[in-house]
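# Observations on chain architecture
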Amino acid sequence: MKKLVLLPLLLLSLAAHADEREWVPYKKLIEELRLDKFYAIPAAERDKLNMYITVKPRNAAYKPADVVLTVVHGSERQVLTPLSADYRLTVVPNPKWLSDDTKIMTSLPKGEKSAVEYEVTTPLPEGTQWNYTPVMSSVAQMNQAIKKMAGALSMFAPTAKAVVFKFSKPAQLKVGETAYNTDAKHQIRLKPESAWLKENPLMVASERPIEARLDSE
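The rules behind the values
- Residues numbered from 1 in each chain as written.
- Predicted model: local features only at pLDDT ≥ 70, side-chain atom pairs only at ≥ 80, totals over all residues.
- Heavy atoms only, no water.
- Salt bridge = Lys/Arg side-chain N within 4 Å of Asp/Glu carboxyl O.
- Helix = DSSP H or I, 4+ residues; strand = E, 2+ residues; numbered from the N terminus.
- Buried < 20%, exposed > 50% of the residue type's maximum accessible area, 1.4 Å probe, protein only.
- Core = buried A, V, L, I, M, F, W, Y, C linked by side-chain atoms within 4.5 Å.
- Domains from an automatic or database assignment.

### What to know about the pattern of salt bridges
All chains considered together, the criterion is met by eight salt bridges. Across the pair D100 and K27 runs a salt bridge whose closest N-O atoms are separated by 3.7 Å. Of this pair, D100 sits in the loop between strand 6 (88-89) and strand 7 (103-106) while K27 is found in helix 1 (residues 26-32), placing the two residues 73 residues apart along the sequence. For R189, the salt bridge is made with D215, and the minimal N-O distance between the two is 2.9 Å. With a gap of 26 residues between them, R189 in strand 13 (residues 187-190) and D215 in strand 15 (residues 211-215) connect regions that are remote in the sequence. The partly exposed category is assigned to R189, whose relative accessible area is 29%. Taking relative accessible area as the criterion, D215 reaches 0% and is therefore assigned buried. Taken together, the salt bridges that share partners define one network made up of R88, E119 and E211.

Right, dumping it as structure tokens:
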């Protein structure tokens, strides 16, 4: 199952610089990933979306804790939030750093490359029961955001199509009277149904999902 990738995969090479190496200019990362465009969207039009980027070394021997990213702006240094177990990082553009001389440094050795992708989740209400429309309408909201982020290139951008509910073990998710069971990866993938978006039935999970991720397949 593919992750939602809004733009072509970005491969970032690491340049030599003593023990710490330059990874990419901060401004370039923000602009090429269109993060500035995403956060320029009014909050009410992206309230169903949690935007992450993943920074995953091509060399599988490197774990998330091995990747330390530090912003260097003049004499200022700030370590970015550590990568999660899924190599995720939330990057909200900092206007002060949007200059040509602000760099992101990495702890990885020279010559290593990292794949940078988007992952988007939708927040779930507390507990194991919630209404259908607030969660599943995140797909339409994401597609509107993609159009604003991609601009004239939106025709080439992928489309969000489903919400993938990830569980820690075999589980069941009911929409009204219809039950769905997890697959071999403990996931349930649901496409928005127009009738249910209007009816807004109750969704009931046998246990709380770890997350609900948007998917382009």
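### So, the nonpolar core
In globular proteins that are soluble, nonpolar side chains generally tend to be buried together. In terms of nonpolar packing, the biggest core is built from 54 residues, with I53, M142 and F165 touching the most fellow members. Here the element with the most residues in this core is helix 4 (residues 138-150); it accounts for six residues. Counting the residues that make up this core, at least three belong to each of domain 1 (21-120) and domain 2 (123-215).

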